[in-house]
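The lines below spell out each chain.
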Amino acid sequence: MKRIVILGAGESGAGAAILAQEKGFDVFVSDMGVIKPEYQALLNEHHIAFESGQHTPSLILNADEVIKSPGIPLNAPLIQQLTAQHTPVISEIEFAARYTSAKMICITGSNGKTTTTSLIYDMLRRAGLNVGLAGNIGNSLALQVAHEQHDYYVIELSSFQLDNMYDFRADIAILLNITPDHLDRYDFQFHNYVNAKFRITQNQTPRDAFIYWAEDPVINQEIERIQPQATLYPFGSNAHNVAYTDGKNMVVSARPACEPLSVGLDELSLRGKHNQLNSMAASLAAQILQIKNDVIRESLTQFAGVEHRLQYVATIRGVRYINDSKATNVNSCWYALESMTTPTVLILGGKDKGNDYSEIDDLVRQKCRALVFMGLHNEKLHEHFDHLLDSPTPRSPDSPIHRSPDSPINRFSDSPIHRLPDSPTPRFPDSPIKIIDTDNLHDAVQACYNIAEDGDTVLLSPCCASFDLFHSYEDRGEQFMAAVRAL
């Protein structure tokens, strides 16, 4: 009997274990961390052997195949041992796809993945299709394949998941954008991250679709280099694309023989130019799947958006509070700032992933009244942003700043910086930008409350991962909303 070992017992790992057991494999699950009670109960219910809080090499290195959690890096010692002995290491998505003939609609990109994935899922559900939601959001693909068997799956894919996908083929692949992110995971080499993202196109044939932002220079360069086999569906601001915006309307025409879809930009439920791009990508996917334009329009005008992405929380003393905790990289924060129409107090901070903050310098100068740092280690933020001040930086007396003389600032200055067309230029604040240093979320929210003025926006758009103070970006967003509502 073939032995399969699953490393990591979260949503994807537990689902993979159940599917592997149902397919007749000898299954063992190992997690270096503490397995959550709900997943322990699920494994026990199915009588699947597991260990928690450790990896026992003798129980892992004898595997015929290993299914790895996306969170485990490729350079982890155990993974390197498995690779050295030529044991296949794959992702849950790769494994689950072996046991379904469903159409796969796959979405990746540095920003906009969750919004676009959720919007496509909404369109397919409104059309009455038997569709599942999987990947970074929704339930485990493997668990759905084991117990539900949908006809379509809409899958949000991170670069980490794509790293261990080999034979998987996307019927529709969507690549929204590529900007520097997770560089700490990719040896601080941008091209390694780019290569991971483009794995979404591997194994595609001319019968498949590749939807991409036509104005992304990195995507264009890679398309020229690798020559994808899929049929190309570019979108952007140019009318030569199969989906485009003309300043007033969004026009989508994936089916030349059919009437194009035209929707007024002011009708879209998701606001901001970045969401126009997300909406074009989603609409193209829906048209390719033969969904009627009326259904697509209904979704575009009624979709409520996703949690923790430019999510309105409350208005207090005339100040709007916006939760954008999902902005875990600099480019995502850029999109959020670009959409701001009032003076902004911006909350930044968390676990730095090799960020180049210069990408948001212009928007910070134009739109921000103050920056509030929230993290255990704000040194790199100060190293970068203090030069924007027109006056001495205020410091919390309880939070001294210890700068590292060799802090790796601007290591990625040659990485591409994306700009949406017609970026606003007015400078809202009429006084010097202030910087306030805190080391927890409660103090950060209180600082925003003290400094924000009537008509301002307080924006949590951290640029960083959440793991210094929080379990996840969702946890960070929930705590932010609770702190705001407690004001």
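Residues numbered from 1 in each chain as written. Predicted model: local features only at pLDDT ≥ 70, side-chain atom pairs only at ≥ 80, totals over all residues. Heavy atoms only, no water.

> Can you help me understand the overall build of the chain in this one?
Scanning the chain from terminus to terminus reveals 17 helices and 20 strands. The buried share of the chain, taken over its 487 residues, is 58%. At a minimum sequence separation of 6, the contacts of the chain that also span at least 24 residues come to 71%. Surface summary for the chain: the accessible area is close to 19,900 Å², and the carbon and sulfur share equals 49%. (Helix = DSSP H or I, 4+ residues; strand = E, 2+ residues; numbered from the N terminus. Buried < 20%, exposed > 50% of the residue type's maximum accessible area, 1.4 Å probe, protein only. Contact = heavy atoms within 4.5 Å. Areas by Shrake-Rupley, 256 points an atom, 1.4 Å probe, with all protein chains shown as cover.)

> So what exactly am I meant to see when it comes to helix H16 (residues 441–451) here?
Working note: α-helix, 3.6 residues per turn, so residues spaced by three or four point in the same direction. Here H16 has its buried residues at Leu441, Ala444, Val445, Ala447, Cys448 and Ile451. In a view along the axis of H16, the buried residues occupy a sector of 160°, so they form one face of it. Along H16, exposed side chains directed more than 90 degrees from the buried face belong to His442 and Asn450. Elements that come into contact with the buried residues of H16 comprise strand E16 (319–323), strand E17 (344–348), strand E18 (368–374), strand E19 (434–438), strand E20 (457–460) and helix H17 (473–485). Measuring from the side-chain oxygen of the N-cap residue of H16 to the backbone nitrogen of His442 gives 3.2 Å; that N-cap residue is Asn440. (Arc of directions from axis to C-beta. Polar contact = N/O pair within 3.5 Å; in protein donor to acceptor, adjacent residues only side chain to side chain.)

> What exactly am I supposed to notice about the sheet that holds strand E5 (residues 89–90) here?
Where strands meet in a sheet, backbone hydrogen bonds hold them as pairs that are either parallel or antiparallel. Reading across the sheet, the five strands line up as E3-E2-E1-E4-E5 and stay open at both edges, with parallel pairing between neighbours. Strands at the two margins of the open sheet, each flanked by one partner only, are strand E3 (49–52) and E5. In the sheet, strand E2 (residues 26–31) pairs with E3 via four bridges, with the strands oriented parallel. Bridge pairing links Asp31 to Ser52 in E3. Relative to strand E1 (residues 3–7), helix H4 (residues 77–84) is tilted by about 155°, and along the sheet it contacts E1, strand E4 (65–68) and E5. (Pairing = 2+ DSSP bridges. Axes fitted to C-alpha atoms, helices over the stretch in contact; angles between N-to-C directions.)

> Would you mind showing me how to read the pairing of strand E11 (residues 231–236) here?
Two faces make up the sheet, and in a regular strand the side chains alternate between them. Pairing analysis gives five bridges linking strand E10 (residues 209–213) to E11, with the strands arranged parallel. Within E11, the position partnered with Ala209 by the bridge is Thr231. Regarding topology, helix H10 (residues 217–226) serves as the crossover connection from E10 to the parallel E11, and that connection is right-handed. (Right-handed = clockwise from strand over helix to strand, strands pointing away.)

> Looking at this model, I keep getting lost on the environment of Leu376. Mind explaining?
Examined against the element boundaries, Leu376 turns out to sit in the loop between E18 and helix H15 (379–385). Given a relative accessible area of 47%, Leu376 falls into the partly exposed group. Sequence separation between Leu376 and His191 is 185 residues; the distance between their C-alpha atoms is 30 Å. If we ignore the near neighbours within four places in the chain, the residues touching Leu376 are Asp439, Asp468 and Leu469.

> I'm lost on the sheet that holds strand E6 (residues 103–108) in this one. Help?
Taken together, nine strands build an open sheet; the order of strands is E7-E8-E6-E9-E10-E11-E12-E13-E14 and the sheet is mixed. Of all strands in the sheet, those bounded by a partner on one side alone are strand E7 (131–135) and strand E14 (261–264). The average undirected angle you get between the axes of adjacent strands in this sheet is 15°. Bridge count between E6 and strand E8 (residues 152–156): five bridges; the pairing is parallel. In the sheet register, Ile107 faces E8, and the bridge partner there is Glu156. Contacting strand E9 (172–175), E10 and E11, H10 runs over the sheet at an angle of about 145° to E10.

> Sorry if this is basic, but what is going on with the environment of Ala444 here?
Locating Ala444 in the fold gives a position in helix H16. Separated by 97 residues in sequence, Ala444 and Ile347 place their C-alpha atoms 7.3 Å apart. Once residues within four sequence positions are removed from consideration, Ala444 is found in contact with Ile347, Val372, Met374 and Thr438.

> Any chance you could explain helix H13 (residues 330–338) here in plain terms?
The element H13 is largely enclosed, with a buried count of nine among its nine residues. The elements touched by buried residues of H13 are E10, helix H11 (273–288), E17, helix H14 (361–367), E18 and E20.

> I would appreciate a short explanation of the packing of helix H6 (residues 113–126) against helix H12 (residues 293–302) in the present structure.
Geometry of a packed helix pair, given as the angle between the helix axes and the separation of the axes. Look at H6 against H12: their axes get within 9 Å of each other, and the N-to-C directions meet at 135°. Considered as vectors, H6 and H12 are oriented oblique to each other. Taken as a pair, H6 and H12 cross one another with a handedness that is right-handed. Between H6 and H12, the residues in contact are Leu119, Asp122, Met123 and Arg126 and Val295, Ile296, Glu298, Ser299, Leu300 and Gln302, respectively. Looking at the contact of H6 with H12, its residues break down into five nonpolar, two polar and three charged. (Parallel < 35°, antiparallel > 145°, perpendicular 65-115°, else oblique. Left-handed = near helix turned anticlockwise from the far one by under 90°. Nonpolar A, V, L, I, M, F, W, Y, C, P; charged D, E, K, R; others polar.)

> Would you mind going over the state of the cysteines with me for this structure?
Where two cysteines share a covalent bond between their sulfur atoms, that bond is called a disulfide. In the structure shown here, the tally under the stated rule is zero disulfides. Note on Cys463: no disulfide assigned, nearest cysteine sulfur contributed by Cys333 at a separation of 3.7 Å. (Disulfide = S-S within 2.5 Å.)

> Explain the confidence of the model for the chain to me, please; I cannot follow it from the model alone.
One rule of thumb: low pLDDT means the predicted coordinates there are not for detailed reading. On average, the chain scores 88 in pLDDT, and the residues at 70 or more come to 91%. Residue range residues 391–425 is modelled with pLDDT below 50. Its contacts to residues more than four positions away, or to other chains, number 71 contacts. (pLDDT = per-residue confidence, 0-100.)

> Quick question: what am I supposed to make of unusual backbone geometry here?
One non-glycine residue, Gln290, lies in positive phi territory at about 70°. Mapped onto the elements, Gln290 comes out in the loop between H11 and H12. Even without being a glycine, His308 presents a positive backbone phi close to 70°. Here His308 lies in the loop between H12 and strand E15 (311–316). Judged by relative accessible area, His308 falls into the buried class, the value being 2%.

> What is the right way to read the packing of helix H9 (residues 190–198) against H10 from this model?
Closest axis-to-axis distance for the H9/H10 pair is 11 Å, and the angle between their directions is 70°. As the angle between them shows, H9 and H10 are arranged roughly perpendicular. The interaxial crossing formed by H9 with H10 has right-handed handedness. For the pair formed by H9 and H10, the contact residues are Phe190, Val194, Asn195 and Phe198 on the first element and Val218, Ile219, Glu222, Ile223, Arg225 and Ile226 on the second. When its residues are assigned to classes, the contact of H9 with H10 shows seven nonpolar, one polar and two charged.

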